[in-house]
Amino acid sequence: PQSQPHALENITIALDAIQEDGIKLVNIGNTDIQNGNVKLILGLIWSLIAHYQLGASNFPPKKLMLAWLKAVLPDCNIKNFTSDWNNGINLSALLDYCRPGLLPNWQRLSPNNGPENCKRAMDIAEREFKIPMVLEPQHFASPHLDELSGMTYLSYFMKEEDSPGYYSTLNWVKNQIPNLRINNFRTDWNDGLAAAALVKSKGGPVPGFRQINNKPENWVSNLDIAMKGAQKIGVSPVMESRDIANPNVEYLGVMAWAAQFQWIQDKQGPGELLEVKMGGNKCRVGEKCEFLIDIHDKSQVAMDQVTAEVSGPSGPINIEFDPRDGKGHFTAKEFGMH
């Protein structure tokens, strides 16, 4: 622009385009940008990052970003985007999460060497992952680091489909449930099948797992079952089932929820702790068929917690079952699988 009016006109055009894209502008106009109002300009920049880089709209990006950081760095006790990052230790831990072995000795770093730790970590982030230094290492290490600056830099670690943190979490999920094709943290989770499979893979309870189907009318109920099972093994919900069932779900919320499973100890599911044995090789129509429920590890399952049901081709049939010794019997009334 050759004059101030031209500059103001250009800024107005840009601000109008931003608003047309659905970004709400608060207390900022063309003169604020022209006059270099740093606080308002930083707020605008963050709004652009939140919208275009993180895709956040219905949920506060701060909440979802913090949920993912807590999930992937459980030993770091992350609470904020300012003082928790000044000594560079948590940033080093984040790099090691993104690529295990990159900074394996991060726990041995001295918290008194904040500027040095931050510079080293940010240099590595730029070199290995092309994460730009949008602020200087000494600024990141400063006790006066403002929240938006910290959030802006850390957002580059969790950008959708273009960040080391995103792919680190996604690749873990792929390896954990290899029978499903999981390529994102949005549409691949809407129907609840991936969520249920992830819970099941860690030994969590998923009633009716084999009967779960991906019809849209069942998506929310599928997710309800999965999330309840996840809570029982220590995975806290980040969003509600109806939010995850939305094709436009905020990917960071799903990613934060899934990331928690990485630290859940593998264990056998309840169904794998039991074995059902038949009294004979054949079960004939009209004859009594005996069965026994055998518990492999009685330290984990008590017989009085076990219930039994037999289903025939037409549905459940009457049985006699004694939970004291795990013995039961039924009479088949029709041909077919029981």
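1. Topic: helix 13 (residues 251–259)
Counting buried residues along helix 13, nine of its nine residues qualify, which places the element largely inside the surrounding structure. Burial in helix 13 covers these residues: Y251, L252, G253, V254, M255, A256, W257, A258 and A259.

2. Focus: the nonpolar core
One finds W68, L154, W189 and W257 to be the most contacted residues of the largest nonpolar core, which totals 78 residues. For this core, the element with the highest residue contribution is helix 13, accounting for eight residues.

3. Let's talk about the sheet that holds strand 2 (residues 288–295)
Strand order across the open sheet formed by four strands is 1-2-6-5, with antiparallel pairing between neighbours. The open sheet has two edge strands with one neighbour each: strand 1 (274–278) and strand 5 (319–322). Across the sheet, the mean angle from the axis of one strand to that of its neighbour is 20°, orientation sign disregarded. Pairing analysis gives five bridges linking strand 1 to strand 2, with the strands arranged antiparallel. By the bridge assignment, L274 is partnered in strand 2 with I295.

4. Side note on the side chain of T152
Within the secondary structure, T152 is located in helix 8 (residues 147–155). T152 sits in the buried class, given a relative accessible area of 12%. A distance of 2.6 Å separates the side chain of T152 from the backbone oxygen of L148, its partner in a polar contact. With residues near it in sequence (within four places) discarded, T152 still touches W46, I49 and V134.

5. Looking at the side chain of Q262
By the element assignment, Q262 lies in the loop between helix 13 and strand 1. For Q262, a relative accessible area of 14% gives the class buried. In this structure the side chain of Q262 is engaged in a polar contact, spanning 3.2 Å, whose partner is the side chain of Y97.

6. Quick notes on the state of the cysteines
Applying the stated criterion across every chain yields a total of one disulfide. In this model, C283 is linked to C289 through a disulfide, with the two sulfur atoms separated by 1.9 Å. On the sign convention where negative means left-handed, the S-S torsion of about 90° between C283 and C289 marks this disulfide as right-handed. With a relative accessible area of 36%, C283 lands in the partly exposed category. Note on C76: no disulfide assigned, nearest cysteine sulfur contributed by C98 at a separation of 12 Å. When its relative accessible area of 12% is taken as the criterion, C76 is described as buried.

The rules behind the values
Residues numbered from 1 in each chain as written. Predicted model: local features only at pLDDT ≥ 70, side-chain atom pairs only at ≥ 80, totals over all residues. Heavy atoms only, no water. Buried < 20%, exposed > 50% of the residue type's maximum accessible area, 1.4 Å probe, protein only. Helix = DSSP H or I, 4+ residues; strand = E, 2+ residues; numbered from the N terminus. Core = buried A, V, L, I, M, F, W, Y, C linked by side-chain atoms within 4.5 Å. Pairing = 2+ DSSP bridges. Axes fitted to C-alpha atoms, helices over the stretch in contact; angles between N-to-C directions. Polar contact = N/O pair within 3.5 Å; in protein donor to acceptor, adjacent residues only side chain to side chain. Contact = heavy atoms within 4.5 Å. Disulfide = S-S within 2.5 Å.

What is shown is where atoms sit, not what they do.
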